[in-house]
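Below are the chains, spelled out letter by letter.
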Amino acid sequence: MSAALHPMPARGIAAAPGLRDRRSNPLREGALIAGRDLLHQVREPWGVVFGLAFNIMLILLFAFLFGGAIEVPGGGDYIAYLLPGMFALAMLFGLETTMTAMSEDAQRGITDRFRSLPISSASVALGRAIADLGNSMLNLAVLMLGGLLIGWRPTTGPAEIALGVLLLLWLRFALLWVGIFLGLRFRGTGATTAVQVLVWPVGFLSTVFVSAETMPGWLGVIAEWNPVSATATAARELFGNPTGVTSGWLAEHAVLAASVWPLVIAFVFVPLAAVAYRRLRR
């Protein structure tokens, strides 16, 4: 356990100038707590490593085992279609990691310790979000490098590529608040397992692996309006890869949809996470 959690207030986070001063600065306090979370992940990196290995395994599985049997509507190479979708899926799969971390801190009394300090009530959740977003950036960079090694290539300019990356991280930032809320509201291994199970249908009922145009009509509509699908399609468009969309609203407005969906998610779950934190009891 790091010094940030030492019970004596004269050490670790409690001793930092930003936390001794009763004039709260949520950004500075959040950055300090994010440092504590990142340090903990450096000391116990296996969750991050296994999560990254799992995403790489999915890429290799679908690209080389199933890819030869999948056609992309509108034409194009399947690996070029798959990789941006896998980037979006990786942003979703981090949700249960955030939930687990928040739930464990609450169960072990760490969150209560933070609540007893003269810091903003937003600092703990903000610190968690900053730390997990940093991990997501590293995860995305490794996945993109792996994609380049197996033949994926973005064909647009730096500005479009940068916007595609920002939209992926924007989705991740919004989903972080879903994980923070669930971690504060529901505790125990049963709740974590339930969320892990539910993430799979959301991820697979999208256009990550196949186009919505190849699905039955009603199923295609659901997949097309999945926030993960919007980000995946926008990323494909911005990276210059096949989108698998030849008609419909998403074909013309993928970037708009990928910008609005995370905003809606954050608008709903940031206040819910704030309420759950204020009502938290051991």
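Every value quoted in this text rests on a predicted model; they were computed, and no experiment measured them. (Residues numbered from 1 in each chain as written. Predicted model: local features only at pLDDT ≥ 70, side-chain atom pairs only at ≥ 80, totals over all residues. Heavy atoms only, no water.)

### Some thoughts on the overall build of the protein
Counting its regular elements, the protein contains 13 helices and 0 strands. Starting at the N terminus and walking to the C terminus, you meet the elements of the protein as α-α-α-α-α-α-α-α-α-α-α-α-α. Expressed as a percentage of its 282 residues, the buried residues of the protein come to 48%. Counting only contacts in the protein whose residues sit at least 6 apart along the sequence, the fraction spanning at least 24 positions is 82%. (Helix = DSSP H or I, 4+ residues; strand = E, 2+ residues; numbered from the N terminus. Buried < 20%, exposed > 50% of the residue type's maximum accessible area, 1.4 Å probe, protein only. Contact = heavy atoms within 4.5 Å.)

### Things to note about the packing of helix H9 (residues 158-185) against helix H12 (residues 227-239)
At a closest axis distance of 8 Å, the pairing of H9 and H12 adopts a crossing angle of 165°. Classified by the interaxial angle, the pair formed by H9 and H12 is roughly antiparallel. Relative to H12, H9 is oriented so that their crossing is left-handed. Of the residues in H12, those touching H9 at Glu160, Ile161, Leu163, Gly164, Val165, Leu167, Leu168 and Leu171 are Val228, Thr231, Ala234, Ala235, Leu238 and Phe239. (Axes fitted to C-alpha atoms, helices over the stretch in contact; angles between N-to-C directions. Parallel < 35°, antiparallel > 145°, perpendicular 65-115°, else oblique. Left-handed = near helix turned anticlockwise from the far one by under 90°.)

### Topic: the confidence of the model for the protein
Close inspection of predicted coordinates is inappropriate in any region flagged by low pLDDT. Across the protein, pLDDT averages 79, with 77% of residues at or above 70. Ranking the helices and strands of the protein by mean pLDDT puts H12 first, with 95, and helix H1 (residues 12-15) last, with 41. pLDDT under 50 marks residues 1-21. Its contacts with residues more than four places away, or in other chains, come to 39 contacts. (pLDDT = per-residue confidence, 0-100.)

### Focus: the environment of Leu148
Residue placement: Leu148 occurs in helix H8 (residues 123-149). The class of Leu148 is partly exposed, set by a relative accessible area of 34%. For the pair Leu148 and Leu83, spaced 65 residues apart in sequence, the C-alpha to C-alpha distance is 9.5 Å. In contact with Leu148, not counting residues within four places along its chain, are Arg153 and Pro154.

### Some details on the packing of aromatic side chains
With the rule as written, the count across this model stands at 11 aromatic pairs. Centre to centre, the rings of Phe93 and Trp200 are 5.2 Å apart; their planes meet at 45°, and the pair counts as tilted. Linking Phe93 in helix H5 (residues 78-93) with Trp200 in helix H10 (residues 189-204), this pair joins segments that are 107 residues apart in sequence. Trp200 gets classed as partly exposed once you look at its relative accessible area, which sits at 36%. The interplanar angle of 70° and the centroid separation of 5.6 Å between the aromatic rings of Trp152 and Phe239 together place this pair among those described as edge-to-face. Of this pair, Trp152 sits in the loop between H8 and H9 while Phe239 sits in helix H12, and the two are 87 residues apart along the sequence. (Phe/Tyr/Trp six-rings, centres within 6.5 Å; stacked < 30°, edge-to-face > 60°.)

### Digging into the nonpolar core
The nonpolar side chains of soluble globular proteins are, as a tendency, buried together. Counting 56 residues, the largest nonpolar core has Met86, Phe87, Leu89, Leu168, Ile180 and Phe209 as its most contacted members. A total of 13 residues in this core trace back to one element, the largest contributor, which is H5. (Core = buried A, V, L, I, M, F, W, Y, C linked by side-chain atoms within 4.5 Å.)

### Topic: a nonpolar patch on the surface
On the surface, a cluster of nonpolar side chains totalling about 850 Å² of accessible area is made up of Val221, Trp225, Trp249, Leu256, Val260, Val264, Phe267, Val268 and Leu272. Ranked by residue count, the leading element in the nonpolar patch is helix H13 (residues 249-278), at 7 residues. Mapped onto the fold, Val221 is located in helix H11 (residues 217-224). (Patch = residues over 30% accessible without salt bridge, like charges linked within 9 Å, V, L, I, M, F, W, Y side chains within 5 Å. Areas by Shrake-Rupley, 256 points an atom, 1.4 Å probe, with all protein chains shown as cover. Salt bridge = Lys/Arg side-chain N within 4 Å of Asp/Glu carboxyl O.)

### Observations regarding the environment of Val275
Inspection of the secondary structure assignment puts Val275 in helix H13. Using a relative accessible area of 28% as the deciding quantity, one classes Val275 as partly exposed. For the pair Val275 and Leu184, spaced 91 residues apart in sequence, the C-alpha separation works out to 9.6 Å.

### As for the side chain of Arg236
Structurally, Arg236 is set in helix H12. It turns out Arg236 is buried and unbridged, and the closest side chain with the opposite charge, Glu237, is 10 Å from it. A distance of 2.7 Å separates a polar side-chain atom of Arg236 from the backbone oxygen of Tyr81. Each residue touching Arg236, except ones within four places of it in the same chain, is listed here: Tyr81, Pro84, Gly85, Thr207, Val208, Asn241, Pro242 and Thr243. (Lys, Arg positive; Asp, Glu negative; His and termini not counted. Polar contact = N/O pair within 3.5 Å; in protein donor to acceptor, adjacent residues only side chain to side chain.)

### Topic: the packing of H8 against H9
Packing of H8 against H9 leaves a shortest axis separation of 10 Å and a crossing angle of 140°. Classified by the interaxial angle, the pair formed by H8 and H9 is oblique. By crossing handedness, the relation of H8 to H9 is classed as right-handed. Here Ala125, Leu126, Arg128, Ala129, Asp132, Leu133, Ser136, Met137, Leu140 and Met144 of H8 lie close against H9, whose contacting residues are Val165, Leu168, Leu169, Arg172, Phe173, Leu176, Trp177 and Ile180.

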